Amino acid sequence: MEAIQQFLIPFLDLNLLFLVAAGTFGGIILGAIPGLSVTLCIALILSLTYSWELLDALALMLGVYFGGVFGGSRASILINMPGGPSNVATSFDGYPLAQKGEARMALTLSTIYSFVGGIIGVIVLATLAPLVASVAINFGQRDYLLLALLGLLLVGSLSKGATAKGIFAAGAGILVGLVGMDTIGGGARFTFGSLELMSGVNFIVALLGLFGMSEILFQLRTLNQKGVASFLKKTVFPPLRFILKFLPISLRVSIIGVFVGALPGAGGEIAALLGYDHAKQTVKKPNRKFGEGAYEGVIAPEAANSAAIGGALIPLLTLGIPGDAVTAIFIGALFIHGLQPGPLLMEQSGDLFWVMVGSSVLANVFLLIFGLLVVSIFIKIVTVPKQVLLPIIAVITVIGSYSINNSITDVYWMLGFGIIGFIMKINKFPVAPLVLGIILGPLIDTSFRRAYMGSDGFGDFLFGFVNTPITLILTIVFIFTMLGQTNIFTTIKGKLKKG
Amino acid sequence: MQTLKAMAPGLTMIIVGLVFLSQTFVMERASLFDPAGGSFLPALITIVMIITGVIVIIQDQVKKKAKTSMMETTAEENLENEAQHADGAEDIQMTWKQYAFIFIYFVLTILYVLSISILPFSVATCLFLIISMIYLRGVSWKTNILVSIGSVIVFYLVFTRLFHIIFP
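Residues numbered from 1 in each chain as written. Chains lettered and ligands numbered in written order. Predicted model: local features only at pLDDT ≥ 70, side-chain atom pairs only at ≥ 80, totals over all residues. Heavy atoms only, no water.

Asks: Give me the lowdown on the interface of chain B and chain A, citing residues and values where you can.
Replies: Taken together, the contact pairs 65 residues of chain B with 60 residues of chain A. With both chains or domains summed, chain B and chain A bury close to 5400 Å², and 80% of this area falls on carbon and sulfur atoms. Across the contact surface, chain B and chain A share zero salt bridges. At the junction of chain B and chain A, the tally comes to five residue pairs in polar contact (both at pLDDT 80 or more). Breaking the side of chain B that touches chain A down by element, the ones donating at least two residues are helix 1 (2–25), helix 2 (40–73), helix 4 (96–118), helix 5 (121–136) and helix 6 (141–162) of chain B. Of the residues forming the side of chain B that touches chain A, the biggest block, 13 residues, is contributed by helix 4 of chain B. Partitioning the side of chain B that touches chain A into residue classes produces 44 nonpolar, 14 polar and seven charged. (Contact = heavy atoms within 4.5 Å. Buried area = accessible area lost by both parts, 1.4 Å probe. Salt bridge = Lys/Arg side-chain N within 4 Å of Asp/Glu carboxyl O. Polar contact = N/O pair within 3.5 Å; in protein donor to acceptor, adjacent residues only side chain to side chain. Helix = DSSP H or I, 4+ residues; strand = E, 2+ residues; numbered from the N terminus. Nonpolar A, V, L, I, M, F, W, Y, C, P; charged D, E, K, R; others polar.)

Asks: Let's hear about the confidence of the model for chain B: which residues, and what values?
Replies: Looking at chain B, the pLDDT average stands at 81 and 83% of residues meet or exceed 70. Overall, residues 75–89 of chain B carries pLDDT values under 50, and its contacts beyond four positions in sequence, including any with other chains, amount to 15 contacts. (pLDDT = per-residue confidence, 0-100.)

Asks: Report on the pattern of salt bridges, specifying residues and quantitative values.
Replies: Residues and elements named next belong to chain A. Summed over all chains, the structure comprises six salt bridges over all chains. Its salt-bridge partner being Arg 189, residue Asp 182 comes within 3.6 Å of it at the nearest N-O pair. Comparing Asp 182 with Arg 189 shows no difference in burial state: the two are buried. One salt-bridge network, in which partners are shared between bridges, spans Asp 182, Arg 189, Asp 445 and Arg 449. (Buried < 20%, exposed > 50% of the residue type's maximum accessible area, 1.4 Å probe, protein only.)

Asks: I'd like a description of helix 2 (residues 14–32) of chain A, backed by residues and values.
Replies: Residues and elements named next belong to chain A. Over its 19 residues, helix 2 extends 27 Å from the first C-alpha to the last, a length consistent with the 27 Å expected when each residue adds 1.5 Å. For helix 2, the complete set of buried residues consists of Leu 16, Leu 19, Val 20, Ala 21, Gly 23, Thr 24, Gly 27, Ile 28, Ile 29, Gly 31 and Ala 32. Check the buried side of helix 2 and you find it contacts helix 1 (2–12), helix 4 (54–79), helix 16 (350–373) and helix 17 (376–381). A side-chain oxygen of the first residue of helix 2 lies 2.9 Å from the backbone nitrogen of Asn 15; this N-cap is Asp 13. (Expected span 1.5 Å × (residues − 1).)

See the structure below:
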């Protein structure tokens with residue numbers, strides 16, 4: 001009963017209602033602009049809402065999250081330039097549809113099924129999260145250590161063909177996260193003798209540099225790449241029966257999306273690709289061939305990437321382990337407001353969980369409304385020249401990093417991280433593991449050391465990884481994931497296939 | 001020279017790892033050989049980082065060899081696939097001109113941040129936007145001025161009213 005009351009708070013509180021609506025609308029617009037990632041938008045919002053109430057800030061961020069992931073499909077369909085990595089798969093069939101004069105149909109279908117996927121994701125979140133949290137309440141220090149390392153490893157490995165670089169970035173992230181005073185021992189770590197570094201590196205500043213400034217610099221390479229917008233023909237709204245035809249496939253890909261999203265390290269990007277692949281495999285008679293404008297080819301990735309958001313929130317709220325860069329920022333938001341994300345969060349501030357669930361449902365409702373009503377504006381938005389856009393984003397990034405502590409020094413730090421991120425991108429080092437490392441570094445450090453202190457010598461410490469069921473399972477999963485990264489595994493697989 | 005260039009990412013990784021490793025030796029109130037201490041885990045991580053650096057060097061060498069042998073056999077075919085690696089990831093190729101272009105813009109941003117401390121925020125921002133759009137080209141004078149002044153007004157209203165940010 002209490003849960004329902006809390007769930008309804010965002011619907012009844014005008015302030016929250018407005019913030020979710022504004023967030024969703026802003027998210028759709030910003031997400032629709034190619035090159036402006038959802039991660040960047042949410043990092044900016046976090047820096048700007050530093051002094052806000054937690055629930056207000058979360059409502060706005062959730063709106064931007066759902067809106068942003070959805071908004072990217074507008075650009076995929078209209079100009080064949082995905083608004084974000086989650087929308088890459090949408091352009092496979094979305095753009096061909098637009099070229100055939102069915103842009104409005106593609107936009108409508110993707111809106112409706114983004115909504116369906118999003119709602120399914122939230123339903124799974126609301127049912128599974130309390131269960132996971134009740135299991136996770138028994139987690140010990142070792143389990144946290146393993147989970148955090150697992151998350152880092154997966155994010156590192158999923159970066160295409162750059163496992164070693166991903167692990168390096170994650171390691172560097174952990175070390176940057178440890179800069180400053182050692183909370184257990186009291187000594188200074190990695191401060192290079194600087195007094196200013198004693199309080200550590202502010203991760204939001206790092207975030208703005210690594211995702212914001214570096215992205216601006218990176219986009220400067222392809223300044224004159226411009227998408228050509230297709231024309232919108234006025235067509236009637238498709239009949240309900242036609243829309244409902246796609247419900248079964250959308251339900252299937254949504255379930256795939258939720259679980260992919262819930263895996264640490266895999267987010268909307270992979271969910272969308274797997275969803276698209278599933279549709280391609282299972283839909284026997286598409287209206288056109290996949291890749292030439294099949295309706296399912298637009299529906300599947302959009303339902304999957306929206307559903308993945310609900311999935312990504314599960315490990316975040318129950319274990320305190322972010323699955324990807326965006327949820328890492330949410331962890332940061334909770335930290336800022338003095339909350340420790342993890343199994344205790346559900347017990348201590350269960351209201352927060354249900355308000356977030358309520359806000360997510362609300363965000364999806366607004367997504368449906370804005371997505372269906374506001375269409376023609378997108379043609380203009382997705383073709384705004386980068387020459388106009390990039391300087392404006394640069395200014396917002398500067399304001400954002402300044403506003404955290406009202407300090408110009410932070411802005412220089414942000415610029416420094418910006419150039420590091422840019423160099424990393426050029427040399428194909430993934431940036432996300434670095435950010436995750438910065439955020440998870442302190443957790444890994446303290447859980448490792450506390451686990452060691454709680455055991456009797458090194459042998460007992462190692463034995464601790466196999467002597468309780470939960471830890472044993474996590475250890476096995478961890479070892480298999482590690483092995484999966486190496487060549488040994490692929491060779492064995494290859495041999496088995498041949499044999 | 002070619003070999004050195006191919007090894008650059010891996011070498012940088014090793015150097016970064018070594019710099020961090022050297023810092024773990026000088027940590028106060030921490031013993032390197034006590035896992036519960038403050039420097040054991042960081043040292044372990046730096047070692048892993050150095051190993052990944054070595055792996056990257058080896059991988060790059062193998063790739064380079066594969067590339068040269070491919071060039072010998074199918075020179076024409078290779079031309080088409082030049083931007084593609086064996087693993088399918090696209091190579092990011094940039095000219096010196098592009099580097100310079102980006103670097104100058106970065107310096108421009110630094111100058112903007114410097115100017116915030118001297119000029120009023122709105123003036124500095126407006127100037128930065130106008131100069132940016134001139135530098136990046138392709139925007140007409142009219143749009144440039146309109147967008148710059150418009151954005152400064154919007155920034156001011158949104159950030160002071162909605163986000164309660166105090167500008168420098």
